[in-house]
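Spelled out, the chains give:
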Amino acid sequence: MEFPFSNTDQNLRQHHDLTIDSTDQIESGAKMYADWASLHDEIQCDRGNQSVLHKFPAAVGREVACSVVKCIAHNLSSAATNDEPSSLEDERDVKWTMEVLCFGLGLPLTEHETINDCVKVYVEWLMSLTQPKPCVPKPVVKDPNPFAQVILHHLLNLFKPRPDCGVDLVKRQALLCHRVLRAIEAVAKESSILTRDTWETLLKFLLAANDSLLSPPTEKDDISDHLCERVLSVLFGIWLTSCNKCFPSPSLWKTFRNMCIYWRHHEALVVQWHKVNHVLTAHMIRTMYGPNYPQLVILEDDAQMVPAEMNSESITQAWFRFLHIVQNPVDLSCPAVVSNTPRFLQHALTNEALLDPSQHECLLKLPTIFFKAMRGVSIMVNAFLGLPQDLKDNLMSSAAPSTRAAVATPSTPPGQRKSAKPMSVLTSSLTSKVSSRSSQALKVAAPAQVNLPVGKISLETRLPFAPTRPQCNSILHLFGAWLFDAALAGVKLHPSHAAPVSKERRTSSFIESKQQSLSMDLHAYHPLGSDNTYERGRAEACGALCRIFCAHKTKEEILPVYYSRFYLIMYYGLQTEEPEISGEVLTSILFNSCDLLRTDLAGVQILTPYILKALELVLSRTSAEFKMSEQISYIELRKACVHLLLSILCLPLHFKDLEIQDILSTTNVVTKEQPRTFLSLKNRIIDLLRIALTNETDPTNTQMLLGGLMLVVQDLATCEETESMTVQPGQDTSDSDVNPEPRASTSSGDSGPHDNVPTSRQSVPPRDLDTAHGLFGHATSLVCNRLMASWKTDLNTALAAMELLAGLAKVTVTPPNILMCKRTVKWICDFIVFQCSRPAPNHSRDLHTLIVAAFKCVQLWLVDHSSLLYDKECLHYVLEVVELGISGTKSQAKQQEPQSVKAKVEKDAKSVATKNRASDPPRYKGTKDLMPASMRVKDAAEAVLTCIIDQVGAFPPPCGPESLFSLLDERSLLKYAKGSSLPEQGSPFRYFVIDNSIIVGLLEQPLGNVEDPLPTVTALIRGAFGRHAWTMQLRHSPRTSKISSRAHLADPGRPMPVEDAGTHHNVNHRYFPECVDKINKTNADNSIPPLESLTNEKEKEELDKMKVFIESAASFEDDVSLKASMARQTKPYPDPQTECKPPEICHEYQTARLFLSHYGFLSLESLKEPSNRVCSVPPALVMLDSTNTALFSDLESLDFIPSRDNDTLHVFYVKQNQKTAHDILSNVTSYNCVQPQFLEFLHSLGWPVDVRRHAGWTGHVSSSWKISEPDECEEEDYMTGTGGSLYDGKQQALYWADVSSELAIVVPSPETYRLRTTSSSTLESGHSTLNTSSSTGSSPHSSGLPSSGINISASSPNASPQAPHPSPRLSSSLPYGSSTAGDANLLKPKSLPLDGERLSRMERESPGSPPESGGSNSSTGRPRRLGRQPAAMMGPDTKILVVWLERFQDKDSFPTADLLSVTSTGQETAGTAISSSVPKAAEKDVYIIFIHALQNGLFRVHIHEYEKTQTKMTVAIPLVDGMVVSRRTLGTLVRQTAINICRRRRLESEAYQPPHVRRKLKIQDIVNKYKCSFSAAEFYTALFQDVPR
């Protein structure tokens, strides 16, 4: 098959790109039909439909035709019934008969029977081209093509309109035309004998029929009204069939193209045109880009228009010609152009009521026709951009997009045209006719707005552009001329933008003339003012252009002329003032421009002021104040506006004083206005963000705005800190933290947090938003107010607010806003009180999640602003809420509390501030029933309480933030203890459990650095919140005394006697004073008679003897006393026999007993079993069996349970067009392969640490929470000149930590990938085994676990963040490069746990550890006992990947599945970890944060959920998908987002338990396994026994 001028069109089609680069190609395309003549005049002047009977009077012809046709039809019916041959055997007879039939087809409709018979005969004869019947004359059967050509000429008479006919007659004519069209369709599709002449005649017939019916202005119920859609569908359908069987000649194509100009006032033309365009476009895309490219889904009936056997070359040729068949569709917005045809001018001349052809009633449909034309172009634009679309719901006929793709991208029509050459005679007549009313003639009749049914579209459902989409230039070459002109339809241009009027005829497409299209007269056919009549079509054009420019790829070039025209269109489309505003255009632009400011478009920042003004119009109001597109809801429009707002937040502080050029300014005009800079927009942007957050009601939009607020505060604070700006906000000195002790006025003035900024006054712009101090205070106040007023019942919004407040707690502002910090903490506490006080039916897991998140937020605020606890009221408030969380009630709650908590926010703040005072009598916990809201809430409150006691004011500890607690353990203590013993000889530690929650290990041996021989005890205290090491001495004097304790313990000696005793006075001591003798006696004094008066004579003698004996004894005693006194004076002084001697100094103490006794733990009550035996709760003091060596393994397992949540961030660098894991990992081996901003970004995430000397989390459990001894570390030089591979976890990693979480940042390298794949192959070889045993008293031994990152158990040291850092204990890490892990000589433990469990940990793979062939069991060969599996306690396995992209489009080809193998941390779920070290496909919760450096120095962020469990929670903030962030805040925001994502997943997971809860459960498990069931006597006996030394 030959294609006319196919060599010209081949330049227009190129696979994978449609770019037209050569000027020669453009010029050759412009002359497509220039050398070919149109057949329009030939068709109009064709006499082939004239019969000889037309030369006779009409009555004669009618009589002849009626008689002859009736007979012929009767004979035909008879012959057809009986299969008889036709009586017309000669060719001469057939031709004569055809003359009669020709005349009969042109009879008036009153002769319907005759016309019907003529149609019947000709239809039968035409069918001889497919299956001839015997009733058909033999000459026709023998050579049907010439007769068919004549028949087609004659049938044209049937399609001529008959004026002044009734509706019934017109309907009958339409039925006959339908019958003919069906026959012609059947012949064209089924016949295989049609010659080229017949095909051309057939196409000419269809063109003539359409021209006859469609050229005149449409009148109601005329023949064109009935046949319009049908006759056009047959024309386009048969034309497509002809392209397959006999490609039409260029003359026919030109004729078709020229005739369409006269039919454009029919809506069916545009609908049918786009049906064909869409079908052919779908085939083109499939051919050019393959089956994997997003397809344009077509209606099944429409898809059948293209023959199945039609080849791709024919489709290509037909597609390009059909695309331009109606020439410039933008002319549809100009009634004067559409009506500038002979038929319209003739109608205007003959109709006195019509002054101007452009005012004809049928042109009222032009806005709808223009809209559908532009929507069809939009659909093709979307198809080339790779936006999946489905047209199965007859999009073009209903104008209601039914699917997300078609609707998600409104499109728009091309430019406007200059008037075609008018006919001189008709024009002059018409001009003279309407000269008196020329002003009215120039004005377009205002068409009625047609409300088409449309469907709402969503921004979230839009799929991304296809990665292999063509360049923007290519699409603009095809559709740009139309779209640019259509986007300005009806717009009055500024004088500086108006081009000089060209006298040349306007072209129909860009292909015809690039130069003319790009320099069109934009004033042509524009009314004197902006006209929104055609704004729907204009909105489609603007939307399509926005999508095209948003599809800009990294480093892609777009012609400057396209940039300039697009920015000009955006200027007029973003107008917000009357009368220039067009609501639908503005809606379409904003909705489709989400990516406009984040795609590196050259000079796009010039639009920032106009975009900001449009955003202010939308976001500052709660409802639309302009006409919106029916397809877009106001919420979705606001969401698009929020995306745009997030793109401009960093511009003011980034560009600062850079001037923004004015689109309206010209070089010849000098303006007196000051140049507009980016910094001048800062206050407007911040104020808009504040107002939008106040007015927003949609949860998704609110969360995005919260992320933007965090970005603004962080950016401004960091900028001020970087520039060392001295901020002096006008605040009271009492608010500063110079004196942490708050004044009385501060406490009294801060009566309630909610009355700080009332809700009714939030719209008042603050005075100091231009400083970080003021913005910080207003941001916290606004968020807290909105949290209590509107967000407290929405899970995701409240969580986002908590994440924002947690981020604000870490923002450094100068000077600190202590008053606002205090109010913020009170606000959060009030939020907790409100949630806890809600009725029981409202309590759910989601509600408790909010409370837990709020407690975590309070904890962060207190740690980062420790001076808040110096405020008594603030401290009381916090502790009161902690008590509420732990017990469920407050000790000082009033009776009105439940009602006041449920009150409104404004009243709630005041009531909370006045109802609970420190002076109120408390209700002690012993009298309260412990009924917390849930155990999760209780655990969270306990964590806050412990943090207040342990960490507030003391974080970070002296050893750094990587370790919250002591690094000492049994092994390290015994190393420095005197007379230390090995575990096999019995442990020198005594272990006691206090209150079933604290394990105390007491070492009675003094440490080597203790010189004083005093009672010394060293205690290792393991609790739910970590491990502490205490050393205590019982001293006689404080350590500050200069005299040592040894001096106090030495014998001071006998003091020398003192001779000078002073004056000795002899005093007679009396029992009563002398005056008692002067008192007269009474009878009572004589009541006791003297002894003599009671004795008789005999008794008196005995009494005298007794007196003698007494006197004799007294005399003897006096004599002895005198002799002894004399003897003492003769002896030396002092007397050795009587002198007092001090006891010998004690060097052995039972300090464990002393410690327990002095701290009150040794009472009898503490040793008694609880009365309630059902709960099996052990006594308050329990001794553990330290002779069981398995105890030490369980203690080690306890130490490996984390005290903080630990997360890992894996960072990758992707160069342009890289798609394989190996190539991506190789980038970081050299700094020459990465951008300098990447290394700066890495160091902003955390600080470098040496994994061998790091006590915190390193990214893998095998190297975490331990410090190797110097003799265990091979000194290796750090790699230099790397692009980040130094931090792959082998030597170094990046680390960051706060009081509640720690984050390791790992940059995997090729070595990491090699080790992972080697480990994977080892596992596949069957070397991975895991033996378990349930024997309680057995000692732990290593199971043969290869280095695959296997998660062993919760009781084994699996994933413990740093709490009880076993650093010295687990110091036996394998040297990098060793071949096996079973060599005992390589293991140099410095901790008490035996080698079994230690080996199992060492064999687990780390990012830098070598692959193992399998672990060897310990010498005993007994399997290790496994405890509780960590999968049931650690929570979800969430992986966060950060990917740095040089080319943003490479995000679509990032090999996530391949790179997951290098992200193992050893904490994967038990099932996945035991089976394989390579993550399975079922691995959930993989989040990817893509970062792309824009050319303007900012960074674009894209957040992708690779695999995510179905959840009701959204992605955490502050980073939001599509956000543009500054260089100074990138690292901070990425880190916060990663931590918040993991924190949200843990909050939602039912399998997660906080670290202190896991430790508490482990302690209880240890107590149950190793407690000594002693009676009180046995306990004291064991207490007095010595332990091994």
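What counts and what doesn't
- Residues numbered from 1 in each chain as written.
- Predicted model: local features only at pLDDT ≥ 70, side-chain atom pairs only at ≥ 80, totals over all residues.
- Heavy atoms only, no water.
- Helix = DSSP H or I, 4+ residues; strand = E, 2+ residues; numbered from the N terminus.
- Buried < 20%, exposed > 50% of the residue type's maximum accessible area, 1.4 Å probe, protein only.
- Areas by Shrake-Rupley, 256 points an atom, 1.4 Å probe, with all protein chains shown as cover.
- pLDDT = per-residue confidence, 0-100.
- Contact = heavy atoms within 4.5 Å.
- Phe/Tyr/Trp six-rings, centres within 6.5 Å; stacked < 30°, edge-to-face > 60°.
- Lys NZ or Arg CZ within 6 Å of the ring centre and 35° of its normal.
- Disulfide = S-S within 2.5 Å.
- Expected span 1.5 Å × (residues − 1).
- Salt bridge = Lys/Arg side-chain N within 4 Å of Asp/Glu carboxyl O.
- Pairing = 2+ DSSP bridges.
- Axes fitted to C-alpha atoms, helices over the stretch in contact; angles between N-to-C directions.
- Core = buried A, V, L, I, M, F, W, Y, C linked by side-chain atoms within 4.5 Å.
- Polar contact = N/O pair within 3.5 Å; in protein donor to acceptor, adjacent residues only side chain to side chain.
- 1 Å grid on protein atoms, 1.4 Å probe; cavity = no way out; pocket = protein on both sides within 12 Å on 5 of 7 lines; lining within 4 Å.
- Points joined across faces, edges and corners; volume = space filled by probe spheres on them.
- Nonpolar A, V, L, I, M, F, W, Y, C, P; charged D, E, K, R; others polar.

A separate point is the overall build of the protein. The secondary structure content of the protein amounts to 56 helices and 15 strands. Every one of the 1589 residues in the protein was classed for burial, and the buried ones make up 57%. For the protein, the accessible surface area stands at approximately 67,500 Å², while carbon and sulfur atoms represent 53% of it.

Residues with a pLDDT of 70 or more make up 75% of the protein, whose mean pLDDT is 76. Counting contacts from residues 667–671, a segment whose pLDDT is below 50, to residues more than four positions away or on other chains yields 0 contacts. Within the model, the stretch residues 1326–1432 combines pLDDT values under 50 with 356 contacts to residues more than four positions away or in other chains.

Now for unusual backbone geometry. With an omega of 0 degrees, the peptide bond between Phe955 and Pro956 qualifies as cis. Inspection of the secondary structure puts Pro956 in the loop between helix H41 (935–950) and helix H42 (970–976). In this model, Asp600 sits at a positive phi of 60 degrees, which is unusual for a non-glycine residue. Looking at where Asp600 falls in the secondary structure, it is placed in the loop between helix H27 (583–592) and helix H28 (608–619). On the basis of relative accessibility, which here comes to 16%, the residue Asp600 falls in the buried class. Not every positive phi belongs to a glycine, and Trp1265 is a case in point at roughly 60 degrees. Following the sequence through the fold, Trp1265 ends up in the loop between strand E9 (1247–1250) and strand E10 (1292–1297).

This part takes up the packing of aromatic side chains. Summed over all chains, the structure comprises 40 aromatic pairs. Summarising the aromatic geometry, the rings of Phe159 and Phe205 are spaced 5.5 Å apart at their centres and angled 75 degrees between planes, so their arrangement reads as edge-to-face. Remark: Phe205 occurs in helix H10 (residues 196–214) and Phe159 occurs in the loop between helix H8 (144–155) and helix H9 (167–190); sequence separation between them is 46 residues. Here Phe1241 and Trp1444 contribute two aromatic rings whose centre-to-centre distance is 5.6 Å and whose plane-to-plane angle is 40 degrees, an arrangement assigned as tilted. Highlighted residues: Phe1241 in helix H49 (residues 1236–1245) and Trp1444 in strand E12 (residues 1439–1445), separated in sequence by 203 residues. Here Phe1241 falls in the buried class, since its relative accessible area comes to 3%. The class of Trp1444 is buried, set by a relative accessible area of 0%. The residue whose ring lies beneath Lys792 is Phe834, and the NZ or CZ to ring-centre distance is 4.0 Å. Positioned above the aromatic ring of Phe1448, the side-chain terminus of Arg1500 is 3.8 Å from the ring centre.

In this section: the state of the cysteines. Within the structure shown, the criterion is met by 0 disulfides. No disulfide involves Cys829; its sulfur sits 7.2 Å from the nearest other cysteine sulfur, which is in Cys874.

What follows deals with helix H6 (residues 112–126). The end-to-end C-alpha distance of H6 is 21 Å, a good match for the 21 Å that 15 residues give at a rise of 1.5 Å each. Taken together, the buried positions of H6 are occupied by His112, Thr114, Ile115, Asp117, Cys118, Val119, Val121, Tyr122, Val123, Glu124, Trp125 and Leu126.

Applying the stated rule across the entire model yields 50 salt bridges. For the salt bridge of Asp1119 with Lys1123, the shortest nitrogen-to-oxygen distance reads 3.6 Å. Of the two residues, Asp1119 and Lys1123 are both situated in helix H44 (residues 1097–1130); the distance of 4 residues between them amounts to about one turn of the helix. Overall, the relative accessible area of 55% leaves Lys1123 in the exposed class.

Overall, antiparallel pairing links the 5 strands, which are arranged E6-E5-E4-E3-E7 in an open sheet. Each of the sheet's edge strands pairs with one partner strand only, and the pair in question is strand E6 (1026–1033) and strand E7 (1181–1183). Taking each pair of neighbouring strands and ignoring which way they run, the sheet shows an average axis angle of 25 degrees. For strand E3 (residues 989–994) and E7, the ladder comprises 3 bridges, and the chain directions are antiparallel. Among the inter-strand pairings, Ile994 is bridged to a residue of E7, identified as Leu1181. Most of the contacts of helix H45 (residues 1151–1158) go to strand E4 (residues 998–1003), to which it runs at about 140 degrees, and overall it touches E3, E4, strand E5 (1016–1023), E6 and E7.

So, about the nonpolar core. Formed by 335 residues in total, the largest nonpolar core has its most connected members in Trp125, Phe322, Phe479 and Phe549. Per-element tally for this core: the top contributor is helix H37 (residues 845–864), with 13 residues. Setting aside chain neighbours within four positions, we find Phe322 in contact with Phe236, Trp239, Leu240, Cys243, Trp253, Phe256, Trp273, Val276, Asn277 and Leu280.

Attention shifts here to the sheet that holds strand E14 (residues 1499–1507). Across the sheet, 8 strands lie side by side as E9-E10-E11-E8-E12-E13-E14-E15; this open sheet has mixed pairing. The two strands at the open ends of the sheet, each matched to only one other strand, are E9 and strand E15 (1524–1525). Pairing geometry for E14 and E15, over 2 bridges, is antiparallel. When the sheet's bridge partners are listed, Phe1499 is paired in E15 with Val1525. The strands touched by H49 within the sheet are strand E8 (1205–1214), E9, E10, strand E11 (1301–1306), E12, strand E13 (1486–1493) and E14, with E8 carrying the most contacts at an inclination of about 180 degrees.

Further remarks concern the side chain of Gln575. Inspection of the secondary structure puts Gln575 in the loop between helix H26 (560–573) and H27. From its side chain, Gln575 meets the backbone oxygen of Tyr571 in a polar contact 2.8 Å long.

The subject of this paragraph is empty space enclosed by the protein. The computed volume of the largest cavity comes to approximately 300 Å³. Among the elements of the structure, E8, E12 and helix H54 (1530–1548) are those that each provide at least two residues to the lining of the largest cavity. When residues of the lining of the largest cavity are assigned to their parent elements, the largest contribution, 5 residues, is made by E8. Partitioned by chemical class, the residues of the lining of the largest cavity number 7 nonpolar, 8 polar and 7 charged.

Before going further, it helps to spend a moment on the environment of Gln1564. Along the chain, Gln1564 turns up in helix H55 (residues 1555–1570). With relative accessibility at 27%, the residue Gln1564 sits in the partly exposed group. Through-space distance from the C-alpha of Gln1564 to that of Ile999 is 9.7 Å; in sequence the pair is 565 residues apart.

Here the focus is the pairing of E11. With respect to burial, E11 is a largely interior element, 6 of its 6 residues being buried. Burial along E11 is two-sided: Ser1301, Leu1303 and Ile1305 facing one way and Glu1302, Ala1304 and Val1306 facing the other are all buried. As judged from the 6 bridges shared by E8 and E11, these two strands associate in the parallel manner. The partner of Leu1209 across the bridge, within E11, is Ile1305.

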